[in-house]
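An overview of the molecular structure
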Amino acid sequence: MVDRAHERETASDLTCPICQVTGARPRYHVRGYTVLACPGCGGWYLALQPGQGATYDGDYLRRGRASEATHGYFDYERDRALHLRNFQRNLEILGEFGAAGALCDVGCASGHFLMAARASGRFTALTGVDPSHAAVAAVRERLGCAAVAGLLGVMPAPGRYDVLTLWETIEHIPRPVEALAAARAWLRPGGLLAVGTGDNTAPLARLLGRRWWYLVPPDHCVYFNRRALTIALTRAGYEIIGWRRIWTHWVSGANATMKLLRSLDLPPAKALAAAGALAHVALPIIHGTTLVALARPSQSP
Ligand SMILES: [Zn+2]
């Protein structure tokens, strides 16, 4: 699965942000970014050059309206109904682990999971955290609940919660172990942490190789699997209490088409023109590439 032209590239002396092992080798080259594979944990991470990195303000959630669409969503807001449907599975998983009380969703975007969580009636208080000021403003306005703009790992805890969720968020954080360790202080004793992210060992991810839709540098800068996530959570001071997998996602035809054409390296403008025509079509994608870890803070960190 390794790109042939780059097979002989030397091992990196960078330290893996998950397990701290060096010697990662280039696995894929995607739109100007090198994805390194760690020999220690099997996780992947980006070898970022100075100035490369993700930003989330502006049009991140509405890339379909922008001239450039190498990453981001076609139109996150327009797909709200589909997101609410998808998040039922996340709520079902939380329910299996008795989640209730005050919940904080880190990487809440414009609040679709928080909306689904509120509709479930299981939580007494809801808070959202996101790096995007625009997204946080939308959450405050729409849900009237607390929402704070900031980056997990460097921002002060906005409160103490019974449940902390990171849905498709941890892969955006360049120093995930440090961020997860900081998040321990956000949880009440015995609190529940749920982390959902792509699994780079899932059969479909292996089959698609560098065309796996999850490979969206620089937004996704760290890629996990069960082993890598176990190492990250253990190093951050958690004990894992369960695993679940998400098999199906409803996506709009526009978002699916944009991602597909992007993975085929088509120019963004062409990808957008083709995607726009399918904005109102909903497709169930059965993939099994999303892994969810459930954890609690360890007694002795
Ligand atoms: Zn590693």
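Just so you know, these numbers come straight off a predicted model, no measurement behind them.

Quick look at the overall build of the protein
Along its length, the protein carries eight helices and 11 strands. Considering the protein as a whole, with its 301 residues, one finds that 53% of them fall into the buried category. For the protein, the share of sequence-separated contacts (at least 6 apart) that also reach a separation of at least 24 residues comes to 69%. Accessible area of the protein: about 13,100 Å², with a carbon and sulfur share of 55%.

Examining the pairing of strand β5 (residues 123-130)
Remark: a regular strand shows side chains that alternate across the two faces of the sheet. Across the eight residues of β5, six count as buried, placing the element largely inside the fold. Pairing of strand β4 (residues 101-106) with β5 involves six bridges; the strand directions are parallel. For V106, the partnering residue across the bridge sits in β5 and is V129. For the crossover that starts at β4, traverses helix α2 (residues 112-120) and ends in the parallel β5, the hand is right-handed. Relative to strand β6 (residues 146-149), β5 runs parallel, the two sharing four bridges. Bridge assignment links G128 to a residue of β6, and that residue is A147. On the question of chirality, the crossover connecting β5 to the parallel β6 by way of helix α3 (residues 133-143) is right-handed.

Overview of the confidence of the model for the protein
Averaged over the protein, the pLDDT score is 87; the fraction of residues at 70 or greater is 84%. Here residues 1-7 is a poorly scored stretch, pLDDT under 50, and it has 13 contacts once near neighbours within four places are set aside; other chains count. Note that pLDDT drops below 50 for residues 63-71; the model gives that stretch 29 contacts with residues more than four away or on any other chain.

Re the coordination of the zinc ion
Distances from the zinc ion to its protein donors, C16 (SG), C19 (SG), C38 (SG) and C41 (SG), fall within 2.3 Å. Note that the zinc ion binds four donor atoms; their angles at the metal cover 98 to 116 degrees, and the shape is tetrahedral. As a motif over one chain, the donors of the zinc ion read C-x2-C-x18-C-x2-C. One end of the pair, C19, is in the segment before β1 (25-30); the other, C41, is in the loop between β2 (33-37) and β3 (44-46), and 22 residues separate them in sequence. Both residues of the pair, C19 and C41, count as buried.

Re the packing of α2 against α3
Between α2 and α3, the least distance of the axes is 10 Å, while the angle of their chain directions is 25 degrees. Compared by their axis directions, α2 and α3 come out roughly parallel. Note on packing geometry: the crossing formed by α2 with α3 is right-handed. Residues H112, L114, M115 and R118 of α2 form the contact with α3, whose own contacting residues are V139, R142 and L143. Among the residues forming the contact of α2 with α3, the class breakdown is four nonpolar, one polar and two charged.

Here's the deal with a nonpolar patch on the surface
A grouping of L260, L264 and L266 is seen on the molecular surface, where their side chains present a nonpolar patch of about 250 Å² in accessible area. Position of L260 relative to the elements: it lies in helix α7 (residues 253-263).

Considering α3
Residues of α3 that are buried: A135, V136, A138, V139 and L143. Down the axis of α3, the smallest arc covering the buried residues is 155 degrees, so these residues share one side. Opposite the packed face of α3, turned more than 90 degrees from it, sit the exposed residues H133, A134 and E141. In this structure, the buried side of α3 is in contact with α2, β5 and β6. For α3, the N-terminal capping position is held by S132, with its side-chain oxygen 3.4 Å away from the main-chain nitrogen of A134.

Comments concerning the side chain of D79
Tracing the backbone through its elements, the reader meets D79 in the loop between β3 and α1 (80-96). A relative accessible area of 8% places D79 in the buried class. Excluding anything up to four places from it in sequence, D79 contacts S252 and N255.

Some remarks on the nonpolar core
Soluble, globular proteins show a tendency: their nonpolar side chains are buried together. Ranked by internal contacts, the top residues of the largest apolar core, which has 54 residues, are L164, L180, W186, L193, L233 and Y238. If we ignore the near neighbours within four places in the chain, the residues touching W186 are C104, V106, V129, L152, M155, P156, A157, P158, G159, R160, Y161 and L164. Counting residues in hydrophobic clusters, the runner-up holds 27 residues, among them C108, M115, L192 and I246.

Here's the deal with the packing of aromatic side chains
Evaluated as defined, the whole model comprises six aromatic pairs. An angle of 80 degrees between the planes, with centres 5.3 Å apart, marks the rings of Y28 and W44 as edge-to-face. Residue Y28 is found in strand β1, and its partner W44 is found in strand β3; the two are separated by 16 residues along the sequence. Judged by its relative accessible area of 0%, Y28 is buried. A relative accessible area of 4% means that W44 is categorised as buried. Ring-pair connections join several aromatic residues into one group, and the members of that group are Y28, W44, W212, Y214 and Y223. R85 extends its terminal NZ or CZ atom over the ring of W250, reaching a point 4.1 Å from the ring centre.

About the criteria used
Residues numbered from 1 in each chain as written. Predicted model: local features only at pLDDT ≥ 70, side-chain atom pairs only at ≥ 80, totals over all residues. Heavy atoms only, no water. Helix = DSSP H or I, 4+ residues; strand = E, 2+ residues; numbered from the N terminus. Buried < 20%, exposed > 50% of the residue type's maximum accessible area, 1.4 Å probe, protein only. Contact = heavy atoms within 4.5 Å. Areas by Shrake-Rupley, 256 points an atom, 1.4 Å probe, with all protein chains shown as cover. Pairing = 2+ DSSP bridges. Right-handed = clockwise from strand over helix to strand, strands pointing away. pLDDT = per-residue confidence, 0-100. Donors = N, O, S within 2.8 Å, 3.2 Å for Na, K, Ca; no water. Tetrahedral: all angles 85-135°; square planar, octahedral: opposite > 155°, others 65-115°. Axes fitted to C-alpha atoms, helices over the stretch in contact; angles between N-to-C directions. Parallel < 35°, antiparallel > 145°, perpendicular 65-115°, else oblique. Left-handed = near helix turned anticlockwise from the far one by under 90°. Nonpolar A, V, L, I, M, F, W, Y, C, P; charged D, E, K, R; others polar. Patch = residues over 30% accessible without salt bridge, like charges linked within 9 Å, V, L, I, M, F, W, Y side chains within 5 Å. Salt bridge = Lys/Arg side-chain N within 4 Å of Asp/Glu carboxyl O. Arc of directions from axis to C-beta. Polar contact = N/O pair within 3.5 Å; in protein donor to acceptor, adjacent residues only side chain to side chain. Core = buried A, V, L, I, M, F, W, Y, C linked by side-chain atoms within 4.5 Å. Phe/Tyr/Trp six-rings, centres within 6.5 Å; stacked < 30°, edge-to-face > 60°. Lys NZ or Arg CZ within 6 Å of the ring centre and 35° of its normal.

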